[in-house]
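# Breakdown of the fold
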Protein chains: 2
Amino acid sequence: MSYQQLEQHQQRLYRLSHLGAICGWDQAAVMPQGGNEARAEAMAELDLLLHTARTAPQLAQWIADAEAEPLSELQRANLHEIKRQWQDATLLPGDLVEALSLAGSRCEHAWRRQRKENDWAGFAPNLEEVVRLSREVATLRAEALSVRPYDAMLALYEPGMTSARLDVIFGDLGQWLPGLIQDVTTRQRQTQPLQPRGPFPIASQQALGQEVMGLLGFDFAHGRLDVSSHPFCGGVPTDVRITTRYNEDEFVSSLMGIVHETGHARYEQGLPRHLLGQPVAEARSMGIHESQSLFCEMQLGHDPAFLNLIAPHIARHFGTQPALAPENLARLYLDVKPGLIRVDADEVTYPAHVILRYELERDLIEGRIEVADIPELWDAKMQQWLGLSTKGNYRDGCMQDIHWTDGSFGYFPSYTLGAMYAAQLRFALERALGASLGTLVAQGRLADVFGWLQQNVWQHGSAFDTDELVRRASGEALNPQWLRQHLEQRYLK
Amino acid sequence: MSYQQLEQHQQRLYRLSHLGAICGWDQAAVMPQGGNEARAEAMAELDLLLHTARTAPQLAQWIADAEAEPLSELQRANLHEIKRQWQDATLLPGDLVEALSLAGSRCEHAWRRQRKENDWAGFAPNLEEVVRLSREVATLRAEALSVRPYDAMLALYEPGMTSARLDVIFGDLGQWLPGLIQDVTTRQRQTQPLQPRGPFPIASQQALGQEVMGLLGFDFAHGRLDVSSHPFCGGVPTDVRITTRYNEDEFVSSLMGIVHETGHARYEQGLPRHLLGQPVAEARSMGIHESQSLFCEMQLGHDPAFLNLIAPHIARHFGTQPALAPENLARLYLDVKPGLIRVDADEVTYPAHVILRYELERDLIEGRIEVADIPELWDAKMQQWLGLSTKGNYRDGCMQDIHWTDGSFGYFPSYTLGAMYAAQLRFALERALGASLGTLVAQGRLADVFGWLQQNVWQHGSAFDTDELVRRASGEALNPQWLRQHLEQRYLK
Ligand SMILES: [Zn+2]
Ligand SMILES: [Zn+2]
């Protein structure tokens, strides 16, 4: 049967990708600097091998044949994902992929210096070339998938999502979020949190991080915590590698970074293990992945009941200064402050950063604006959303992110989709378990919380499309009102 | 040109092997236990891929064509090694390789328990099957290479070496080594070394180990030190991963283990970097590899001048107890005591363990003895060499090593060849630099010592056959008299 041949082919791809995932972790977490050149060559060789295998000429026929074969529902879902990945791998001509990869590396490499130097004039021509090639990519993908160009890019990260729908969803946020930000910041102006006084030894931070991972049910028989300069969640579902970075002067953000990556890790560890190797066993989308990390970090990790739970662990490692009391931890973690930098943003202002980028990249890819228009539009939108100016400040404005430098247009919405899915799932979980998340934490019922996610999200992998997954879990399609309700409850009650 | 095609093919194999080397290190040093099954599958998939590439049908023609092409001397040496590796990969039928691999896994797996239980009766039938298949391998290899069966196995580890020559060389050792062992042990009976009193915290042992690696010129930009249950030197020449294991009660053997692996690592780091990826840039043989680790460990690391050099480092980490004074360290490290276990043996008795095994495996592979004969022969040879009995004690006798369980017949001689090469190279180095190794260390001239090895061994990779390499470095072919002179000078002077 052709379907069986496809399954075997996927299994083989999966095993070889495993080696790349581990070597990628190694490169970021432990590799000595001098090993980099040979490692990059080895990884590129593997990428070439995988690309050749993913675009093997017999796959078109196998897929066509398999579509006519009698398959179970799960097999059909798997075939659907196999076909989707095969289309993504084959629909672009090799020389375009290579040209974009080269232009992306060049732009990203120069950006690392140009950003520090606030050098928009140097950066713009490189970005123009990346945009030019990305538009070609989007156009070709759009033709093949019969969707709009930007939607064809979205499909790489959030299959099924469209800009028409994002316009509605993000338009809704635009109605209430600016006012909410104003209300929260006004209210918080009355009290300031105490700042914890360090140093916080790195070995203690690491031990604390592992304890908190343990509370969150991270499976240490199938994963590790290590250090890298840019935290990530990598490895394979049977061996998930999360990383963080430490700073002796500060543990608050590093600890919550571990909680965030633990959310990603539990999703990976919870994917259907008996199906591993098949696309149907993979995470559903970047938005759903981010919903799991944000569930851990924001819904659960920032809940005062959770901070209450970990406060004794913090005290055991760092002593009992007033700044480490549960109430002050809550005040610290729930502090809302409009700022220029997306990655430093709190959960209330974060969507503003994302929607701003979404609007720009959507119009950029579809040719309604040009690279030269970005700085002025960025400044206007920052004024509108957060009342801040980035005029002349490219470094902390439109040059702050890496995403566009290598052509990852369509990625940004995942962050806010993730936040909305996380809120929606939390309310569904509370209805199902008959108690608020805070109560569940206080009652020591974290296993029930994660059991619900396992049951309703993790175990399904990619068996359903995103809408169906969310509908089965929460009773309705994506609805931004749950994020609103969460934020209003937490910050205005 | 066919030669160019072969070079590209090798480069590709090298890059893919890189991934396997790093994932192998990961598996031994950091992987959580639950990751093992998927990892084993991923590694097996890579092995299959590499085997397919190494036995690709076009290689025979490319090699034949390349042999007729105009090549530089270095290219010709590379082609020679390419052909050798290709022969090794192709000359056995796949089902024999698989059968031996299965029988070996089964024998090794059961041996881990059987050894503990001293269960020779259980072990013997498994070993018989491994021997039966290994004889088939040896016969087929012997026919293809036109050499004797055992020599065809030797060629896997020590190309160019023959049992006829080993008989002469080891026969020579048989003349003087038993007497030397007697003389040394009699002399040492007069004084006993003091035993250092722990605990020796692991973090301190690790810091000390890294300091000593630094003294030995280990390049930390191209390598790391980590922990594994069986110490090894892995990774790739641009990123060499050595491991050790620690025990809080003891640092003496762990530290010297690090010195040993550092010797392997410096050889790898010193291989001709501009040729990496080609077989001519690989280490010459297992014996030469071991000569570099034993040069570091035994010739250099056990020299009182070196112990003098590291004594202050030891004292800084572990305090100044009398047992850590340089003279007592020398007495500890140079203690000679006939024992049953090879891996615990000192440099004077070690060759006895190796020659005993060599004689047995040579006769086993060539059908002159059977598995059932081993225990009695083992006991007789232990009596003859070291005056010890292993009657009924299989665990500490013929069941102590892993090598035969998976069919690695022909490997054991490398250990003692390495010790002899190391001694011969040391005397050559002393003639070239005009001072004894101890003097060179005392004068702070370790860079000259390693510079000489770089010049005379490392940089040549596999450009010359082993005899030629040794002749160019030392002025003569392998000569066991240098090991004798070294041992007599060190232990009887
Ligand atoms: Zn994330
Ligand atoms: Zn060794």
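Check the entry above for the structure.
Bear in mind the structure is a predicted one, so any value in this text is a computation, not a measurement. Here the residue numbering is sequential within each chain, running from 1 through the sequence in written order. Chains and ligands are labelled sequentially in the order written, the chains with letters from A and the ligands with numbers from 1. Two thresholds apply to this predicted model, a pLDDT of at least 70 for residue-level local features and 80 or more for giving and counting side-chain atom pairs, whereas whole-chain, interface and lining totals are computed over all residues. Derived side-chain values reflect all non-hydrogen atoms in the structure, with water molecules and hydrogen atoms excluded from consideration.

## Some points on the interface of chain A and chain B
The contact criterion used throughout is that any non-hydrogen atoms of two residues lie within 4.5 Å. Counting residues at the interface gives 31 residues for chain A, matched by 31 residues for chain B. For the chain A and chain B pair, buried surface summed over both sides reaches about 2700 Å², with 62% attributable to carbon and sulfur atoms. Throughout, the accessible surface (probe 1.4 Å) given up by two parts as they are put together, summed over both, is called the buried area. Three residues, R15, L19 and E45 of chain A, lead the burial of chain A against chain B; their summed loss comes to 21% of the area buried on that side. Basic side-chain nitrogens of Lys or Arg form a salt bridge, by our definition, when they fall within 4 Å of a carboxyl oxygen of Asp or Glu. Across the chain A-chain B interface, the total number found is 10 salt bridges. Residue R12 of chain A pairs with E45 of chain B through a salt bridge whose shortest N-O separation is 3.3 Å. Side-chain atoms alone can form a polar contact between residues adjacent in sequence; in general such a contact is a pair of N or O atoms within 3.5 Å, and within protein one must be able to donate a hydrogen while the other accepts it. Put simply, chain A and chain B have 18 residue pairs in polar contact (both at pLDDT 80 or more) between them. A run of H or I in DSSP counts as a helix once it spans at least four residues, and a run of E counts as a strand once it spans at least two, with each numbered from the N terminus. At the level of secondary structure, the elements contributing two or more residues to the side of chain A that touches chain B comprise helix 1 (2–29), helix 2 (36–54), strand 1 (223–227) and strand 3 (239–244) of chain A. Per element, the largest residue contribution to the side of chain A that touches chain B is nine residues, and it comes from helix 1 of chain A.

## Concerning the sheet that holds strand 3 of chain A
Residue and element names in this part refer to chain A. Reading across the sheet, the three strands line up as 1-3-2 and stay open at both edges, with mixed pairing between neighbours. Each edge of the sheet is formed by a strand with only one pairing partner; in this case those strands are strand 1 and strand 2 (233–236). The sheet shows a mean angle of 20 degrees between the axes of neighbouring strands, taken without regard to direction. In this description, strands pair whenever DSSP reports at least two bridges between them. In this analysis, axes come from line fits to C-alpha atoms, helices being fitted only over the stretch in contact, and the angle between any two N-to-C directions falls in the range 0 to 180 degrees.

## Remarks on the coordination of the zinc ion (ligand 2)
Residue and element names in this part refer to chain B. For the zinc ion (ligand 2), the full set of protein donor atoms is H260 (NE2), H264 (NE2) and E290 (OE), and the range of their distances to it is 2.1 to 2.5 Å. Here a donor is any nitrogen, oxygen or sulfur atom (N, O, S) within 2.8 Å of the metal, with 3.2 Å used for Na, K and Ca; water is not among the atoms considered, so some sites may look incomplete. Mapping the donors of the zinc ion (ligand 2) onto the primary sequence yields the spacing H-x3-H-x25-E. In this pair, H260 is assigned in helix 10 (residues 252–270) and E290 in helix 11 (residues 286–300), connecting sequence segments 30 residues apart. Neither residue differs from the other here; H260 and E290 are each classed as buried. To sort residues, take the accessible area from a 1.4 Å probe on protein chains only and compare it with the maximum for the residue type: under 20% means buried, over 50% means exposed, and anything in between is partly exposed.

## Points about the coordination of the zinc ion (ligand 1)
Ideal geometry at a metal centre gives angles of 109.5 degrees when four donors are arranged tetrahedrally and 90 or 180 degrees when six donors are arranged octahedrally. The protein atoms that coordinate the zinc ion (ligand 1) are H260 of chain A (NE2), H264 of chain A (NE2) and E290 of chain A (OE), at distances of 2.1 to 2.5 Å. Expressed as a motif, the donor residue spacing for the zinc ion (ligand 1) is H-x3-H-x25-E.

## Examining the packing of aromatic side chains
Each pair of aromatic rings taken from Phe, Tyr and Trp, with Trp reduced to its six-membered ring, is defined by centres within 6.5 Å and is described as stacked if the planes are under 30 degrees apart, edge-to-face if over 60, and tilted in the remaining cases. All chains considered together, the criterion is met by 34 aromatic pairs over all chains. Centre to centre, the rings of F412 of chain B and Y415 of chain B are 6.3 Å apart; their planes meet at 40 degrees, and the pair counts as tilted. Across the pair, exposure class does not vary: F412 of chain B and Y415 of chain B are buried alike. Cluster of aromatic residues (ring-pair linked, three or more members): Y157, Y350, W378, W404, F409, Y411, F412 and Y415 of chain A. Above the plane of the ring of Y415 of chain A lies R342 of chain A, whose end atom (NZ or CZ) is 4.8 Å from the centre. Sitting over the ring of F464 of chain A, R472 of chain A keeps its end group 3.9 Å from the ring centre. A ring has a charge above it when a Lys NZ or an Arg CZ is no more than 6 Å from the ring centre and no more than 35 degrees off the ring normal.

## Examining the pattern of salt bridges
Under the counting rule described, the total for this entry stands at 74 salt bridges over all chains. In this structure, E136 of chain B engages R132 of chain B in a salt bridge whose closest nitrogen and oxygen atoms are separated by 3.4 Å. Remark: R132 of chain B and E136 of chain B occur in helix 6 (residues 120–145); sequence separation between them is four residues, near one turn of the helix. Under the relative-accessibility criterion, E136 of chain B is labelled partly exposed at 35%. Through salt bridges that share partners, R148, D167, R362, D363, E366 and R368 of chain A make up one connected network.

## As for the relation of the copies chain A and chain B
Alignment of copies: least-squares fit on C-alpha atoms of residues with pLDDT of at least 70 in both copies. Between the two copies, chain A and chain B, the superposition gives an RMSD of 0.1 Å; the rotation angle is 179 degrees and the shift along the axis is 0.0 Å. What the superposition gives is, in effect, a two-fold axis relating one chain to the other. Closest to the rotation axis within chain A is the C-alpha of L19 of chain A, separated from it by 3.1 Å. Most of the interface of chain A is mirrored in chain B: 100% of its interface residues are interface residues there too.

Just geometry here; none of it tells us what the structure is for.
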